[in-house]
Amino acid sequence: MPRRAAAVPFVLALVTGVLSVAVAVEAHDVRVRRPLRVPNVPGFLTLQCDFHTHTVFSDGKVWPDLRSEEAWREGYDAIAITDHVEYQPHRKDLPTNHERSWEIAAPHGEKLGLIVIRGSEITRKMPPGHLNAIFLSSVCPLETHGWKDALQAARAQGAFIFWNHPGWRGQQKDGVARWYPEHDEILEAGLLHGIEVVNDREYYPEAHAWALEKDLAPLANSDIHDPSNLAWHVHEGDHRPVTLVFAKERTEAGVREALFAKRTVAWSGEMLAGREELLRPLVAAALTIENPKLAIPAGSEAYLRIRNDSDLRLELAGPGPVDDIPIPKSLVIAPNGTSLLEIRVPRKAATGTRRLQLEWKITNVRVTPDEGLPFPMVVDVEVLPAGP
């Protein structure tokens, strides 16, 4: 009896421990897809993509199918496997097989509904630096002595070619991107279609300017080598860079068509960068003014309610007073919620209805390296007689 009684607390403790582990595992929801919340825009699906990833088949640290698993869990629609052609630091442990990483990653991606694109990184000194070619049918033809031959071999397969990390300190010691005559040459030859405006956590303003000036698709890619949760705090809401692709359909062909049409926006942290004609409808689709008409007694205030149905945090700079009505000079619209803008009517304001045009600029949505997105809001304010 004494021994059996002593066993009861032990059994209870054991059961409690097992249940605690089960609850912890269930709460963690290990294999769950959690996409970032971004709206579609009129006429297009907004796809979340990463076109620069590495595996153990070049200088990465993970097996290829793990790249597919990570990307699916983090909500991506498409990734490209872009192992180096020339740089094979694991050759003593793994045979050099330029096709193998995609062959392993793609079937797992297909099971998960993730688009996995075959690509490769052409790894040369600056100039021209490193360039990715994606939508390849085979990587092996890119293994050539001359970088021009490698680019021609990629183009022969209909590849989309982009310049990687143009300000990378491994090739530009001061971190400043520079455009060389070689880049003019490949651009004029139709061998350059996009550029990384963001690589990892680095934003290259020069690359953003070149994307606009030279009609290149702006991209934001991770260039991931480590396991994703070692490079980004994914369980705390951190995320790797995202290339938002505005596609007609969620297929590899749809992604390819959109890239060549340059319908992309770069998203890194709390910053978006791209072309105004794409950024404006994206932000407009995310925001709703819940009460665009206000009735405010003179000498009182009301709140404009601005709902943000996205994960985009928007930082606005405003013009100050409009029609003698004070407007805050700054406003942060939080993601996934409704933010308030206070509008206070002076006590001496004339009664009647007036339409206020609030000329905001969203400073962290960059239409050029130096300019935020102009984003006016219109609100009708009926000024009522002052109360007692």
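Because the structure is predicted, anything quoted here is derived from the model rather than measured.

A. The packing of aromatic side chains, seen in detail. Here the structure, examined in full by the defined rule, presents six aromatic pairs. Consider the rings of Phe160 and Phe260, whose centres lie 5.3 Å apart with planes at 90°: the pair is edge-to-face. With Phe160 in strand β5 (residues 160–163) and Phe260 in helix α8 (residues 252–260), the pair connects residues that are 100 residues apart, well separated along the chain. On the basis of relative accessibility, which here comes to 1%, the residue Phe160 falls in the buried class. By the ring-pair criterion, three or more aromatic residues cluster together here, those being Phe160, Phe162 and Phe260. The positively charged end of Lys214 is found above the aromatic ring belonging to Trp179, 4.4 Å away from the centroid. A cation sits over an aromatic face here: Arg240 above Tyr76, 4.8 Å from the ring centre.

B. Representation of the nonpolar core. If you look at the biggest cluster of nonpolar residues, it comprises 52 residues, and the most contacted ones within it are Leu244, Leu272, Leu314, Ile343, Leu358 and Met377. Setting aside anything within four residues of it in sequence, one finds Leu272 in contact with Leu244, Val265, Ala266, Trp267, Leu279, Leu282, Leu312, Asn364, Val365 and Arg366. Listed in part, the 34 residues of the second largest apolar core include Val139, Leu191, Tyr203 and Met271.

C. Structural view of helix α4 (residues 147–156). The complete set of buried residues in α4 reads Trp147, Ala150, Leu151, Ala153 and Ala154. Seen end-on, α4 carries its buried residues on one side only, within an arc spanning 160°. Residues of α4 that are buried make contact with β3 (115–123), β4 (130–134), β5 and α5 (181–188). Gly158 lies just past α4 and shows a positive phi near 80°.

D. Here's a closer look at the confidence of the model for the protein. When pLDDT is averaged along the protein, the result is 92; 93% of the residues meet or exceed 70. Here residues 1–27 is a poorly scored stretch, pLDDT under 50, and it has zero contacts once near neighbours within four places are set aside; other chains count.

E. Representation of helix α6 (residues 205–213). All of the buried residues along α6 are Ala207, His208, Trp210 and Ala211. The arc enclosing the buried residues of α6, seen along the axis, measures out at 165°, which places them on a common side. Contact partners of the buried residues in α6: β5, β6 (194–199), β7 (202–203), β8 (217–221), β11 (271–273) and β18 (352–368). Asp215, located one to two residues past α6, shows a positive phi value of around 60°.

F. Inspection of unusual backbone geometry at higher detail. Residues Met126 and Pro127 are joined by a peptide bond in cis, for which omega reads -10°. Relative to the elements of secondary structure, Pro127 occurs in the loop between β3 and β4. In this chain, Pro127 is followed by Pro128 through a cis amide linkage whose omega measures 5°. With respect to the helices, strands and loops of the structure, Pro128 is situated in the loop between β3 and β4.

G. Fine view of the pairing of strand β10 (residues 264–268). Here β10 lies mainly inside the structure; five of its five residues are buried. Residues Thr264, Ala266 and Ser268 point to one face of β10 and Val265 and Trp267 to the other, with burial holding for every one of them. Here strand β9 (residues 242–247) pairs with β10 via four bridges, running antiparallel. Looking across to β10, one finds that Leu244 is bridged to Val265. Pairing between β10 and β11: three bridges, direction antiparallel.

H. Spatial organisation of the pattern of salt bridges. A complete count under the given rule lists 30 salt bridges for this structure. As a salt-bridge pair, Lys214 and Glu213 come within 3.3 Å of each other at their nearest N and O atoms. The class of Glu213 is exposed, set by a relative accessible area of 58%. In this structure, Arg280 engages Glu276 in a salt bridge whose closest nitrogen and oxygen atoms are separated by 2.6 Å.

I. Structural detail: the sheet that holds strand β14 (residues 301–308). Ordered by their spatial adjacency, three strands build an open sheet running β12-β14-β17, and the pairing between neighbours is antiparallel. This sheet does not close on itself; its edge strands, each paired only once, are β12 (287–289) and β17 (337–344). Direction aside, the axes of adjacent strands within the sheet are offset by 25° on average. Packing of helix α9 (residues 276–286) onto the sheet brings it into contact with β12 and β14, and relative to β12 it is tilted by some 55°.

J. Region of the structure containing the environment of Asp324. Counting through the fold element by element, Asp324 comes out in the loop between β15 (314–317) and β16 (330–333). As for Asp324 and Gly75, which are separated by 249 residues in sequence, their C-alpha atoms are 46 Å apart.

K. A look at the pairing of β14. The two faces of β14 differ: Ala302, Leu304, Ile306 and Asn308 on one face are buried, but Glu301, Tyr303, Arg305 and Arg307 on the other face are not. In terms of strand pairing, β12 meets β14 through three bridges, oriented antiparallel. Bridge pairing in β14 places Thr288 opposite Arg307. Sheet topology places β14 next to β17; eight bridges connect them, and they run antiparallel. Its bridge partner being in β17, Glu301 is matched across the sheet by Arg344.

L. Quick peek at the side chain of Arg118. Residue position: Arg118 is located in strand β3. Separated by 3.5 Å, the side chain of Arg118 and the backbone oxygen of Ser137 make a polar contact. Excluding residues within four positions of it along the chain, Arg118 makes contact with Ile81, Glu99, Trp102, Ala133, Ile134, Phe135, Leu136, Ser137, Ser138 and Val139.

Criteria and cut-off values
- Throughout this description, residue numbers start from 1 for each chain and increase along the sequence as written.
- Local features in this predicted model are restricted to residues whose pLDDT is 70 or higher, and side-chain atom pairs enter the listing and the counts only when it is 80 or higher, whereas totals over whole chains, interfaces and linings include all residues.
- Derived side-chain values reflect all non-hydrogen atoms in the structure, with water molecules and hydrogen atoms excluded from consideration.
- Whether two aromatic rings pair depends on their centres lying within 6.5 Å, for rings of Phe, Tyr and Trp, where Trp uses its six-membered ring; planes under 30 degrees apart make the pair stacked, over 60 edge-to-face, and the rest tilted.
- Helix and strand labels come from DSSP, where a helix needs a run of H or I of at least four residues and a strand needs a run of E of at least two; each type is numbered from the N terminus.
- Relative accessible area decides the class of each residue, using a 1.4 Å probe on protein chains only: under 20% of the type maximum gives buried, over 50% gives exposed, and in between gives partly exposed.
- Two thresholds decide whether a charge sits over a ring: the Lys NZ or Arg CZ must be within 6 Å of the ring centre and within 35 degrees of the ring normal.
- By convention a nonpolar core is built from buried Ala, Val, Leu, Ile, Met, Phe, Trp, Tyr and Cys residues, the set being connected through side-chain atoms within 4.5 Å.
- Here, residues are in contact when the closest pair of their heavy atoms is within 4.5 Å.
- Taken from the helix axis, the directions to the C-beta atoms give the arc we talk about.
- Scored between 0 and 100, pLDDT is the confidence that the predictor attaches to each residue.
- At least two DSSP bridges between two strands are required for those strands to pair.
- By definition here, a salt bridge exists when the distance from a side-chain nitrogen of Lys or Arg to a carboxyl oxygen of Asp or Glu is within 4 Å.
- Axes, fitted as lines to C-alpha atoms, cover a helix only where it is in contact. Angles between the N-to-C directions of the axes lie from 0 to 180 degrees.
- Under this definition, polar contacts are N or O atom pairs within 3.5 Å; protein pairs additionally need one hydrogen-donor-capable and one acceptor-capable atom, and for neighbouring residues in sequence, both atoms have to be side-chain atoms.

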